[in-house]
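What the coordinates show
The chain contents come next:
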Amino acid sequence: MTEYGRGRGPEPWHPEDPLYGDNGWTGHEAQQAQMPYAGGPQQQYPQEPQYPHDPQYQQQYQDPQYQQQYGQQGQYPDQQQGYAPQQPHQAHQQLYQQPVYDGQGQGWDTGQVQAQSQVQAQAQYAAVPQADPYLGADPYAQQPVGGYPGEAPDLYGTPEAYPPPQPPGRRHLVTEPEPEPELSAEPDDEDAEALPGEDDGPETPGGGGRRGRSKDKKPKRRNGAACLIAAVVIIGVLGGGGYYGLDYIKSKFSTGEDYAGEGEGSVTIDIPKGTGMGEMGRILKAHGVVKSADAFVAAAKANPKGGAIQAGSYTMKQHMSGKAAVDLMVGGAGVNALDVIPGWKTSQVYKAIDERLKLKEGTTKDVATKEAKNLGLPDWAANKDLKDPLEGFLYPARYDLSKDATPQSMLKQMVAKSNEAYESADVKGQASKLGLSSPLQLITVASLVQAEGKYQHDFDKISRVVYNRLKPGNTETYGLLDFDSTVNYMRGQSTLDVGSVNDLRKLDDPYNTYKIKGLPPGPIGSPGPDALKSAINPATGPWYYFVSVNENETLFAVTNEEHNRNRQKYEEERKKEGQ
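The structure presented is a predicted model; accordingly, all values stated were derived computationally and were not measured. (Residues numbered from 1 in each chain as written. Predicted model: local features only at pLDDT ≥ 70, side-chain atom pairs only at ≥ 80, totals over all residues. Heavy atoms only, no water.)

**Things to note about the overall build of the protein**
What counts, and what does not: Strands are runs of DSSP state E lasting at least two residues, helices are runs of H or I lasting at least four, and both sets are numbered from the N terminus onward. Buried means the residue's accessible area, taken with a 1.4 Å probe over protein chains only, is under 20% of the maximum for its type, while exposed means over 50%, and partly exposed covers the values in between. Any two residues having at least one pair of non-hydrogen atoms within 4.5 Å are treated as being in contact.
Secondary structure assignment for the protein yields 18 helices and eight strands. Each of the 579 residues in the protein was classed as buried or not, and the buried ones make up 36%. In the protein, of all internal contacts separated by at least 6 residues, the share reaching a separation of at least 24 is 64%.

Pasting the structure below:
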């Protein structure tokens, strides 16, 4: 089938065919052709592979752009860039002198056309008269050649234009990409010092951007020192991660080296506040108590109470197993500290300090008497009738006994602790709300609740009893507290048998609540946080009396008659217990 034929035979397209005028490979729009010979039959031309009689092919070989496109590739050595338009007959003769494209992508054949084809062409054109009847019908005869500037627009000269059309033989021709030049293994001397990441130079045409290289230039070699630094960094990261990973695994699954047994000798260890379990183990190891911190940490994790180990001073042995060390610290036997119990009086605290510091009995009491004003008591704690100005200000807590501990340092810690607790509870504001004259009276109420309340679950009701008895208009106690605890404090004793009420009302002492209305001059002990809370927030009720029958039962009464019945139950319970 011919390129522009409509069938398989040699007959070309008829001008009246609807599809006549299809664009040729030149890309120019075909015009409606006229009959070549008015009223005469069409002349049949033998079809050639290169279609020499197609007007579009005649124009294509006269197109200066096409000549320039292939002329620059060395295919048209004898052709000039500009020339005068040729006559149609001359163009047909020149057609067989032009290079012929072979259709295989190898360029145009510049040799002579076969002799037989030349003879046939000359015979065909010999009968053509001098005046070519196609001249008026050639759609391209009136178009300028465009060999000179300004005569015809260049349809492919703008950047946004499509590329020039290709001849039929070169359509859909896939050319193999040129292989990239292989990089030489030998580095260039002048590029040997190039740093990693350095630009390869400005972009050059055909160089592929920054990665493109000219053929005569060898690739750059990365600096050896930079590679060494990168290797060192990678090794350091891997090594550090491996070290910490191994340490984590050991801390999770390894018990570490350990001693056996309960140890020997004696050593005092101080554990600062905020010390973690691992740091505790390292401190014990440094003093020879345990063989490794890991053994101590593993034993602490295995002990249900291991997490409750507190900071402080401990008296321990050397060469102890991790388990023995943890058991000693959890049990409190090795704690070198002083625990002040809620409800303790100052006399009890003084004695405990002397014993723990191995001082002569009475040493701490003498220091307290002489240094009371220098221990940090608040201004509102003063009262001329106080038996001991520190009473109620030696706050119940655990206090470390370090190697350099003294009675004065211990008392200062306790006073500071009480000031912190009372300030946190806002004793000044709460005392005013409760109708008390000073914060000291609120601390006194808390100390009475602590002393009178045998069990913590009774503190709120006992606090209410105190405030009810303090009411001046009450007709049950007439403003008297009538507490045995104040008599015991006055006497410096602790007993349930304080004597008859008639005898107690004869005792003249500001702490004798059987005779003096209202509160005693100051606290009668060290109230704990629970008692202080109940003193600030008493329960609501009309009670004036109470008696604790046993641990699970405390009886409260509104009248004295009801209270006497409750006391009988109390006496019966004591008889059962053999008291």
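Picking up where we left off.
**Some details on the pairing of strand E7 (residues 545-550)**
Successive side chains on a regular strand alternate, one facing one side of the sheet and the next facing the other. Selection criterion: DSSP bridges decide pairing: two strands pair if at least two such bridges lie between them.
Across the six residues of E7, five count as buried, placing the element largely inside the fold. As paired strands, E7 and strand E8 (residues 553-557) are joined by five bridges and run antiparallel to one another. Following the sheet pairing, tyrosine 545 is matched in E8 by alanine 557. Where E7 folds back onto E8 in an antiparallel hairpin, the turn is made up of two residues.

**Description of the packing of aromatic side chains**
Note the threshold: Two rings from Phe, Tyr or Trp (for Trp, the six-membered ring) form a pair when their centres are within 6.5 Å of each other. A pair whose planes differ by under 30 degrees is stacked, one over 60 is edge-to-face, and the rest are tilted.
Under the criterion given, the structure shown has seven aromatic pairs. Here phenylalanine 393 and tyrosine 422 contribute two aromatic rings whose centre-to-centre distance is 5.9 Å and whose plane-to-plane angle is 80°, an arrangement assigned as edge-to-face. Linking phenylalanine 393 in the loop between helix H10 (363-371) and strand E6 (398-400) with tyrosine 422 in helix H11 (residues 407-425), this pair joins segments that are 29 residues apart in sequence. In this structure, phenylalanine 393 and tyrosine 422 share a single accessibility class: buried. Taking the centre distance of 5.7 Å and the plane angle of 50° together, the rings of tryptophan 543 and phenylalanine 556 count as tilted. Highlighted residues: tryptophan 543 in the loop between helix H17 (529-536) and E7 and phenylalanine 556 in strand E8, separated in sequence by 13 residues. Like tryptophan 543, the residue phenylalanine 556 is buried in the burial classification. Taken together, Trp380, Phe393, Tyr395 and Tyr422 form an aromatic cluster joined through their ring pairs.

**Things to note about the packing of helix H9 (residues 346-356) against H11**
Note the cut-off: Interaxial angle, 0 to 180 degrees, is taken between N-to-C directions of lines fitted to C-alpha atoms, where a helix line uses only the stretch in contact. Reported orientations rely on four angle classes, namely roughly parallel under 35 degrees, roughly antiparallel over 145, roughly perpendicular from 65 to 115, and oblique for the rest. For a crossing to be left-handed, the near helix must be turned anticlockwise from the far one by less than a right angle; the clockwise case is right-handed. We call Asp, Glu, Lys and Arg charged. Ala, Val, Leu, Ile, Met, Phe, Trp, Tyr, Cys and Pro are nonpolar, and the rest, Gly among them, are polar.
One can describe the packing of H9 onto H11 by two numbers: an axis separation of 11 Å at closest approach and a directional angle of 135°. Judged on the interaxial angle alone, H11 and H9 are oblique. The two elements H9 and H11 cross, and the hand of that crossing is right-handed. For the pair formed by H9 and H11, the contact residues are Val349, Tyr350 and Ile353 on the first element and Pro407, Met410, Leu411 and Met414 on the second. Its residues assigned to classes, the contact of H9 with H11 shows seven nonpolar, no polar and no charged.

**Structural notes on the pattern of salt bridges**
Inclusion rule: Only one rule defines a salt bridge in this text: a Lys or Arg side-chain nitrogen within 4 Å of an Asp or Glu carboxyl oxygen.
With the rule as written, the count across this model stands at eight salt bridges. Aspartate 327 is the salt-bridge partner of lysine 323, the closest N and O atoms lying 3.0 Å from each other. With lysine 323 and aspartate 327 both in helix H8 (residues 322-331), this residue pair falls four residues apart, about one helical turn. For aspartate 327, a relative accessible area of 34% puts it in the partly exposed group. Of the charged contacts, one joins aspartate 508 and lysine 515 as a salt bridge, the two residues approaching to 3.9 Å between their closest N and O atoms.

**Details of the environment of alanine 324**
Relative to the helices and strands, alanine 324 resides in helix H8. For alanine 324, a relative accessible area of 6% translates into the label buried. Once the C-alpha coordinates of alanine 324 and glycine 261 are considered, the two residues, 63 residues apart in sequence, prove to be 7.2 Å apart. If we skip the residues at most four places from it in the chain, alanine 324 touches Gly261 and Glu262.

**Here we look at helix H13 (residues 439-452)**
Under the convention used in this document: Here a helix's expected span is defined as the number of its residues, less one, multiplied by 1.5 Å.
Over its 14 residues, H13 extends 20 Å from the first C-alpha to the last, a length consistent with the 20 Å expected when each residue adds 1.5 Å. Of all 14 residues in H13, 12 are buried; the element is thus mostly enclosed. Buried residues of H13: Pro439, Leu440, Leu442, Ile443, Thr444, Val445, Ala446, Ser447, Leu448, Val449, Gln450 and Glu452, and no others. Those residues of H13 that are buried lie in contact with H11, helix H12 (427-433), helix H14 (459-469), helix H15 (484-491), H17 and E7.

**Points about the environment of valine 267**
Structurally, valine 267 is set in strand E3 (residues 264-271). Accessibility expressed as a relative area gives 13% for valine 267, which makes it buried. Other than its neighbours up to four places away in sequence, valine 267 contacts His287, Val289, Tyr314, Thr315, Met316, Lys317 and Gln318.

**A closer look at the confidence of the model for the protein**
For clarity, the threshold we go by: The pLDDT value tells you how sure the predictor is about a given residue, anywhere from 0 up to 100.
Per-residue pLDDT for the protein has a mean of 74; in total, 59% of the residues score no lower than 70. Low confidence marks residues 22-119, where pLDDT is under 50. Its contacts with residues over four positions away, or in another chain, come to 166 contacts. Of the regions scoring below 50 in pLDDT, residues 131-150 engages in 31 contacts with residues more than four places distant in sequence or in other chains.

**Quick notes on the nonpolar core**
Stated precisely, the cut-off is as follows: The term nonpolar core refers to a set of buried residues drawn from Ala, Val, Leu, Ile, Met, Phe, Trp, Tyr and Cys, joined through side-chain atoms within 4.5 Å.
In this structure, Ile353, Leu394, Met410, Met414, Tyr422, Leu442 and Val445 are the most contacted members of the largest nonpolar core, which totals 60 residues. Of all the elements in the fold, those that place two or more residues in this core are H9, H11, H12, H13, H14, H15 and H17. In terms of residue count, H13 provides more of this core than any other element does, seven residues in total. Once you skip the residues sitting within four places of it in the chain, leucine 394 turns out to touch Val340, Thr346, Val349, Tyr350, Leu411, Met414, Val415 and Ser526. In this structure, Ile269, Met320, Ala325 and Val326 belong to the second largest nonpolar core, which totals 21 residues.

**Observations concerning helix H6 (residues 277-286)**
The line we're drawing: Arc definition: directions from the helix axis to the C-beta atoms.
Those residues of H6 not exposed but buried are Met280, Gly281, Ile283 and Leu284. Down the axis of H6, the buried set is contained in an arc of 160°. They therefore lie on one face. The inward-facing, buried residues of H6 contact E3, helix H7 (293-302), strand E4 (312-318) and H8.

**As for a nonpolar patch on the surface**
Heads up, the rule is: Residues qualify for a patch when their relative accessible area is over 30% and they have no salt bridge, like charges being joined within 9 Å and the nonpolar side chains of Val, Leu, Ile, Met, Phe, Trp and Tyr within 5 Å. Note on areas: Shrake-Rupley with a 1.4 Å probe; residue coverage comes only from the protein chains shown.
Residues Ile229, Val233 and Val237 make up a contiguous nonpolar surface patch of about 290 Å² in total accessible area. Along the polypeptide, isoleucine 229 turns up in helix H5 (residues 224-253).

**Focus: the side chain of threonine 444**
Keep this limit in mind: Within 3.5 Å is the distance limit for a polar contact, defined as a pair of N or O atoms, with the added protein rule that one can donate a hydrogen and the other accept it, and that residues adjacent in sequence qualify only through two side-chain atoms.
Mapped onto the elements, threonine 444 comes out in helix H13. Here leucine 440 takes part through its backbone oxygen, which lies 2.8 Å from a polar atom of the side chain of threonine 444. If sequence neighbours within four positions are ignored, threonine 444 has contacts with Leu519, Pro520, Gly522 and Pro523.

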